[in-house]
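Geometric and topological summary
Chain by chain, the residues run as shown.
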Amino acid sequence: MCLIVIAWRARPDLPLLVAANRDEWRDRPAEPAHWWPDAPSILAGRDLEARGTWMGVTREGRFAAVTNFRDPSDRRSTARSRGGLVTEFLVSSESPERYLARVADEAGAYNGFNLIVGDGASLWYFGSREGTARAISPGVHGLSNHVLDEPWPKVIRGRQAMERALADDDPFPSLFTLLGDPLGVPDAELPRTGVALEWERRLAAPLITGADYGTRASTVVSFSNDREVRFEERTLAADGSVSHRETFRF
């Protein structure tokens, strides 16, 4: 994932609401969201190269998502796949706090990452650059390829859109509008992350298009007070159009 916007205990009937875009190289094979045959409680897309996932939920109400920390100078081909961090939490029964304490001890085996995990009772964040897990406070939060709530333009835009969507009877349409926003920002507002200016411009929008790299999937998930999970994923083509949809309620 390269943009995750979360409303945690910000609306009485929806204790957790998530809108996220997965940005990835288009030649990396992946499956859209489905119930995994080898782990039947997991609903998630699947990276067919490393067999992990970028975001998923379970029938028991667990949630996890990961983003990369963007730093071109620190990239090791021998590092473990970060998608495994999501899968391992989803199949475990550990509390978020305990799981992330274990992840902290092994964080050096991965390239830079940000991980959000929750079990319905609590929601926690660990960033490998910070090195310490922390509980996420109630409210609206955003995460891209830096630390939680770093005020990158797309994170600010995402949090504002989530605040507005919380007032809607059905927040899903507004959140998908956010995830489909292709507008960039002036150069003066771009973060400086070590990639070329052309890439900073391209990566600044919530929706990234292009035949080589871009937003592969947009997903909105809600967890209600009556324990219903609603999960909708849209697979996107290189031009940003929707090529496939999956919707689940359980």
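So, a few notes on the structure that sits alongside this text. (Residues numbered from 1 in each chain as written. Predicted model: local features only at pLDDT ≥ 70, side-chain atom pairs only at ≥ 80, totals over all residues. Heavy atoms only, no water.)

**Quick notes on the packing of aromatic side chains**
The criterion, for reference: Working definition: a ring pair exists when centres of Phe, Tyr or Trp rings (six-membered ring for Trp) sit within 6.5 Å. Plane angles under 30 degrees give stacked, over 60 give edge-to-face, the rest tilted. Each helix is a run of H or I in the DSSP string that is no shorter than four residues. Each strand is a run of E no shorter than two, and both are numbered from the N terminus. The classification of residues rests on relative accessible area computed with a 1.4 Å probe and restricted to protein chains. Under 20% of the type maximum is buried, over 50% is exposed, and intermediate values are partly exposed. For a lysine, the NZ atom is tested; for an arginine, the CZ atom; a charge sits over a ring if that atom is within 6 Å of the ring centre and within 35 degrees of the ring normal.
Taken as a whole and judged by the stated rule, the model has 10 aromatic pairs. Ring centres of Phe 63 and Phe 223 lie 6.4 Å apart, and the angle between their planes is 80°; this geometry places the pair in the edge-to-face category. With a gap of 160 residues between them, Phe 63 in strand E6 (residues 63-68) and Phe 223 in strand E11 (residues 213-223) connect regions that are remote in the sequence. With respect to class, Phe 63 is no different from Phe 223; both count as buried. Taken together through their ring pairs, the aromatic side chains of Trp 35, Phe 231, Phe 248 and Phe 250 make up a single cluster. Just above the ring of Trp 54 sits the side chain of Arg 22; from NZ or CZ to the centre is 3.8 Å.

**Overview of the environment of Arg 249**
Our working definition: Whether two residues touch is decided by their heavy atoms; if any such pair falls within 4.5 Å, the residues are in contact.
If you trace the backbone, Arg 249 turns up in strand E13 (residues 242-249). On the basis of relative accessibility, which here comes to 51%, the residue Arg 249 falls in the exposed class. Here the alpha-carbon distance between Arg 249 and Phe 231, two residues 18 residues apart in the chain, equals 6.4 Å. Apart from the residues lying within four places of it in its own chain, the contact partners of Arg 249 are Glu 228, Val 229 and Arg 230.

**Here we look at the sheet that holds strand E12 (residues 229-236)**
As a reminder of what qualifies: Between any two strands, pairing holds if DSSP finds at least two bridges. Comment: axis = line fitted to C-alpha atoms, over the contacting stretch for helices; angle = value between 0 and 180 degrees taken between N-to-C directions.
Pairing in this open sheet of 6 strands is antiparallel, and the strands run E10-E1-E2-E11-E12-E13 from one edge to the other. Each edge of the sheet is formed by a strand with only one pairing partner; in this case those strands are strand E10 (139-143) and E13. For this sheet, the mean angle separating the axes of adjacent strands, direction not counted, is 10°. By the bridge criterion, 10 bridges tie strand E2 (residues 16-25) to E11 in an arrangement that is antiparallel. Along E11, the bridge assignment pairs Leu 16 with Phe 223. In the packing of helix H4 (residues 172-179) onto the sheet, contacts are made with strand E1 (3-8), E2, E11 and E12, and the angle to E11 comes to roughly 160°.

**Brief notes about the pattern of salt bridges**
Formally: Just to be clear on terms, a salt bridge is a Lys or Arg side-chain nitrogen sitting within 4 Å of an Asp or Glu carboxyl oxygen.
All chains considered together, the criterion is met by 18 salt bridges. Arg 28 is the salt-bridge partner of Glu 49, the closest N and O atoms lying 3.5 Å from each other. On the criterion of sequence distance, the pair formed by Glu 49 in the loop between strand E4 (39-47) and strand E5 (55-58) and Arg 28 in the loop between E2 and strand E3 (30-36) is long-range, its members being 21 residues apart. Among the residues examined, Glu 49 registers a relative accessible area of 56% and is labelled exposed. Between Glu 130 and Arg 134 there is a salt bridge; the shortest N-O distance is 3.2 Å. Several salt bridges share partner residues, and in doing so they unite Arg 28, Asp 47 and Glu 49 into one network.

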